[in-house]
Amino acid sequence: MSSTVSVTRSDNIAVVTIDNPPVNALGYNLRKPLHDALGELRDDATAEAIVVTCAGRTFIAGADITEFGKPMQAPSLPDLIEMLESIKKPTVAAIHGTALGGGLELALGCHFRVADAGAKLGLPEVKLGLLPGAGGTQRLPRIVGPEKAVRMVVSGNPIGAAEAHADGLVDAVCSEDLVDNAVALAKEKVASGAALVQVRERDQKLVEARNDLAALDAVIADATKKARGLEAPLICAQSVRNAVTLPFEEGVAAEREFFIKLVTGEQSAAQRHLFFAERQAAKVDGVGKDVKPRPIRKVAVIGAGTMGGGIAMSFVNGGIPVTVLEMNQDALDRGFATISKNYDISVSRGSLSEEAKAKRLGLLSGVTSYDDLADADLIIEAVFEEMAVKKDVFGKLDAVAKPGAILASNTSYLDVDEIAASTKRPGDVVGTHFFSPANVMRLLEIVRGKQTSADVLATLLGIARVIRKVPVVVGVCHGFVGNRMLSARSAEAEDLLLEGALPQDVDKALTDFGFPMGQYAMADLAGLDIGWRTRKSLGTTAAIADSLCEEGRYGQKTGKGYYLYKDGSRKPEADPKVETLIEKVSAGRNLARREITAEEIIERTLYPMVNEGARILEEDIAARSSDIDIVWANGYGFPIGKGGPMFWADSVGLAKIVGRLEHWHSETGKDVYKPAKLLKDLAAAGKTFTAGA
Ligand code: 3H9
């Protein structure tokens, strides 16, 4: 007996119960007593079979991630599973909640598995930049077949109990009395006396793949096509392939080597940082566990345009009814037609059933009068981004919304405090900045106004989980965290082109860095006319961008912008006419064009962004540097293998960044390059954002 492992008996069956809250992770404090308990039971003739189960909310959710990067104390997880496999009497894993990573690997060390109907099983290590390192890549394909194993290990996505049963991963599924069912199975196996076969000995599903490796390779190519510079997905696939081509022991040895390579590498460190950063972001100053969230049974969204529609979809996808308000029936019809079309695409791809689509559409209703919003618990406006318009909407909401309703603005730049002041209930007002497409992008910036109540924040943090968003609470400033840093990244866009770069050079530097899209391809996607209109209203200019617009080049929507888009294609192609235009503007300013290296492009786009991140921290707009990393990894495609801009800056070295910013500041005199005090202080003290701010 230990604090994490206890053994009880059900007649001739030993039941080993693991209790290591919160998620029964396999840290040393669990591995050691579990190893000891299994060793004793292996040699105890009175225990004729063993059931392994977990207390609390879940089966083992994996190895203890906090131990990675430190010396591992014996027994290791592979040792533990080997001990389990050496037991010559029936062993049964009783699985509820989630059996993930090392948890599923341990269950695969048992002869049998019984799952609760709501259980989920998977090997999510790839999401931490790893591969399953305790035999998972060798045992899973022996049970579910190598093709299915590749899909599971490379995506990291778990499967439900019913699917696991159909695939042979679990032997039985039950909707209640999990442990009793597992004990009954163990007794049955003892009574039958049938020969016990370990997972490692099963070969049947590998034979077919062995005869047609090309088919497996095609699955691997498809599963890894979106790896985008990440090592882990490729290594995961290679290791599963090894299960087909190598004997078990050799496959396991190779898996071990792969694991050590990945766990000591930079990408996994970055992805593990993001794992904990995401959980950290949910902990908000002043919003303790004692703050009770308000119930959200009904949501209203104002505006059925691209953002409003996407926001409405997010809530109905989470099972929450949504009323959409528009100016007239036509606008509602158009918005709902787009939503329906989006769901049709998911149905045609097989990711959504017709039934689920109908259910989601059934949760949507449309209205054209503010009076019909009186019963909504949360109202989110997604109307035109102009202060006067927002204030008008909030004034109207103040008149109709019930007491206690949360009034949220989807503004991406504007002052939430000013919006709140147009109501008599500023404590109920908050910013909810969704990212486009709102039904897809995971980030939700929750903008905390000066008077926003703690329970409003608690409610939004909770509801964000229901609609599968990653929430980050940020303060009020122009553009909040994400867009403010994006502006810093784009500040040099014009000058890089004027001095000698072409749009494709800048974009290549950024996509080589790991962004899914470059700056100019993104500008073309968003539409160049928007910025042009804003510049005209502000009386400012941007020579190249303005010239493009004057020629009707508004981006993808007109088939040309910084790039050419042939025949309705979304693929940007370099356009010699743009090169000529840029050269002309440079010449007009007597600028001698020169070669601009990828290194310079990164310095002049990403270092200012890091600098702005430091200012954001100084001003308390973000609570911690890891919150900024979460914003950029989930909202702007910052490569997860680099851990977000601030974590990446730490790895580059803050002193180096300060030095280069100072260089560019003296060259250009621009404020974006003037190193922030926090950045300079950390660099001078040899500290990092992650450890020091
Ligand atoms: C692995 O297994 C490697 C092996 O193949 C080979 C080894 C040799 N370790 O997410 P939550 C903490 S790699 C340590 O808010 P939920 C988490 O930080 C692992 N801590 O709960 C949080 O702490 P705090 C493969 C962990 O109900 C608290 O638990 N497994 C671990 O929303 C609650 O977490 C995975 O990648 C861990 N493994 O979701 C699974 N897991 O309260 C990772 C969680 O201080 N875990 N914590 O902020 C998950 O996906 C989710 O936590 C889970 C529960 C779905 C289980």
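Conventions and cut-offs
Residues numbered from 1 in each chain as written. Predicted model: local features only at pLDDT ≥ 70, side-chain atom pairs only at ≥ 80, totals over all residues. Heavy atoms only, no water. Helix = DSSP H or I, 4+ residues; strand = E, 2+ residues; numbered from the N terminus. Rg over C-alpha atoms; globule rule 2.2 N^0.38 Å. Buried < 20%, exposed > 50% of the residue type's maximum accessible area, 1.4 Å probe, protein only. Contact = heavy atoms within 4.5 Å. Areas by Shrake-Rupley, 256 points an atom, 1.4 Å probe, with all protein chains shown as cover. Lys, Arg positive; Asp, Glu negative; His and termini not counted. Charge placed at Lys NZ, Arg CZ, Asp CG, Glu CD. Domains from an automatic or database assignment. Pairing = 2+ DSSP bridges. Axes fitted to C-alpha atoms, helices over the stretch in contact; angles between N-to-C directions. Parallel < 35°, antiparallel > 145°, perpendicular 65-115°, else oblique. Disulfide = S-S within 2.5 Å.

This paragraph deals with the overall build of the protein. Regarding its fold elements, the protein presents 31 helices and 17 strands. Its C-alpha radius of gyration of 28 Å places the protein within 12% of the 26 Å reference for a compact globule of 693 residues. Its C-alpha atoms give the protein principal-axis dimensions of roughly 90 × 60 × 55 Å. Relative to its full complement of 693 residues, the protein shows a buried share of 54%. Summarising the internal contacts of the protein: among those between residues at least 6 apart in sequence, 73% fall at separations of at least 24. Accessible area of the protein: about 29,700 Å², with a carbon and sulfur share of 53%. Charge separation in the protein, taken as the distance between the mean sites of 81 positive and 91 negative side-chain charges, equals 1 Å.

Below, the discussion takes up the domain arrangement of the protein. Parsing the protein into structural domains produces domain 1 (5-263), domain 2 (299-480), domain 3 (501-588) and domain 4 (598-692). Distance between the C-alpha centres of domain 2 and domain 3: 31 Å.

Burial of strand β3 (residues 49-54) is extensive: six of the six residues sit out of reach of the surface. Of the two faces of β3, both are covered, the one formed by A49, V51 and T53 as well as the one formed by I50, V52 and C54. For strand β2 (residues 13-18) and β3, the ladder comprises six bridges, and the chain directions are parallel. Pairing of I13 across the sheet is with A49, part of β3.

Turning next to the packing of helix α21 (residues 503-513) against helix α22 (residues 519-526). Between α21 and α22, the least distance of the axes is 7 Å, while the angle of their chain directions is 110°. Relative to α22, α21 is oriented roughly perpendicular. On α22, the residues that touch P503, V506, D507 and L510 of α21 are Q519, Y520 and A521.

Summed over all chains, the structure comprises zero disulfides. C54 supplies the cysteine sulfur nearest to C110, a cysteine that is in no disulfide, at a spacing of 11 Å. For C110, a relative accessible area of 1% translates into the label buried.

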